[in-house]
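Spelled out, the chains give:
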Amino acid sequence: MGWAPRVGSLFGIELRIHVTFLLLLAFLGLAHWLPDRDVGAALVGVSFFCLLFLCVVLHELGHALAARQFGIKTQDITLLPIGGVARLERMPEKPLQELWVAIAGPLVNVVIATGLYLGLKATGTWQPLEQVTTTGGNLAERLWVANLFLVMFNLLPAFPMDGGRVLRAFLAMGMPYARATRVAARVGQGMAVLFGFAGLFVNPMLILIAVFVWAGAEQEATSAEIKSLFAGVPVRDAMMVEFQSVHPTETLGEMARRILAGTQKDFPVVDGLGDVMGIVTQAAFFQALAEHGDDGLVTVAMTGDFETAETEESMQEVLGRAQPGRCTTVPVMRNGRLSGLLTAENIGEFVMIEAARKRRR
Ligand SMILES: [Zn+2]
């Protein structure tokens, strides 16, 4: 995500704040200052939202720390004007684990709300709720209301909210994962329709939320569909076995002839011992040829930042490891020797073949 500088880290997880979030704070400060030109009111207004977003960060941290228990890393937590986003490496597939990761966030807000409630009662500062609004009333009590709202909103049973994942996890305990996702996505879209309808009469903001929920459900259902195609498929069934490798002493001119002679785009560089040293992608090849000419060695175009897989591994696992920005060609090893390649094109072909087979059934 661009425009989101790192501001620190919590439990080893990077915390980023999107610049638009700072703009929102400035706007809120101004909105609170304008009516009475009161700096105090502006400060209170801004600190309420800062505390509210602190609760949002703790919510995301709840997800991240729960995921860590299952060995899932979190790249970072980013604060946006619409809320927080924890970028988990992946979601756990075991229903109970997904349930735990999804519920951990709202649970944090339940804990905060309970703490605030007990504190307010103990100090005798609890006000009747009618006196509490988004801009006025006891700061701690406003935070209590906001945390309850966060819990309810996040537990709505619709993707991309946590409640959608909770629902899917429950369903997945009794049916296949892809079907559970489809059902959960339909429930979410049903909710989106209700929101949109209510939005026409109550608050236009609801229509915006409806669109957001509808799109989230659609996306989740598609990705689960694709995942289900790969369920239980070993890498050897999807990998490309007819391919060429290049030797590190080969020149770019020689490689140009290989590229023209066949349809292969990326080439693994394999040394005399059979070890994969790196990958030369087509884009890197063109750039290297322009820079070094025909006599340059293929190694100048090679990247060492690539993933490898084993023939017996499941496709789901390998795709789960894929990281944006990394080389998309994956050498597949068997007993330490290169025995196949997974490329973006042949994974695409595999998806289309399986989808066609499914249509026939
Ligand atoms: Zn959440």
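The coordinates are above.
Predicted, not measured: the structure shown is a model, and the values here were computed from it.

Novice: I'm lost on the packing of helix α2 (residues 39-68) against helix α4 (residues 139-154) in this one. Help?
Specialist: Between α2 and α4, the least distance of the axes is 10 Å, while the angle of their chain directions is 40°. Accordingly, the angle class assigned to the pair α2 and α4 is oblique. Here α2 runs over α4; the crossing is right-handed. Packed against α2, whose contacting residues are V44, F48, L51, L52, C55 and H59, the element α4 presents L139, R142, L143, A146, N147 and L150 at the interface. Along the lines of polarity and charge, the residues of the contact of α2 with α4 split into nine nonpolar, two polar and one charged.

Novice: What is the right way to read the packing of helix α1 (residues 19-33) against α2 from this model?
Specialist: When two helices pack together, you describe them by how their axes are tilted relative to each other and by the distance separating the axes. Between α1 and α2, whose axes approach to 7 Å, the crossing angle comes to 145°. Pair α1 / α2 crosses with right-handed handedness. Across the interface between the two elements, L25, L28, G29, H32 and W33 of α1 pack against V39, A41, A42, G45, V46 and F49 of α2. Looking at the contact of α1 with α2 residue by residue, the class counts come to eight nonpolar, three polar and no charged.

Novice: How should I be thinking about the environment of I103 in this particular structure?
Specialist: Counting through the fold element by element, I103 comes out in helix α3 (residues 95-122). Spatially, the C-alpha atoms of I103 and A198 are 27 Å apart, while their sequence positions differ by 95 residues.

Parameters and conventions
Residues numbered from 1 in each chain as written. Predicted model: local features only at pLDDT ≥ 70, side-chain atom pairs only at ≥ 80, totals over all residues. Axes fitted to C-alpha atoms, helices over the stretch in contact; angles between N-to-C directions. Helix = DSSP H or I, 4+ residues; strand = E, 2+ residues; numbered from the N terminus. Parallel < 35°, antiparallel > 145°, perpendicular 65-115°, else oblique. Left-handed = near helix turned anticlockwise from the far one by under 90°. Contact = placed C-beta atoms within 7 Å. Nonpolar A, V, L, I, M, F, W, Y, C, P; charged D, E, K, R; others polar.

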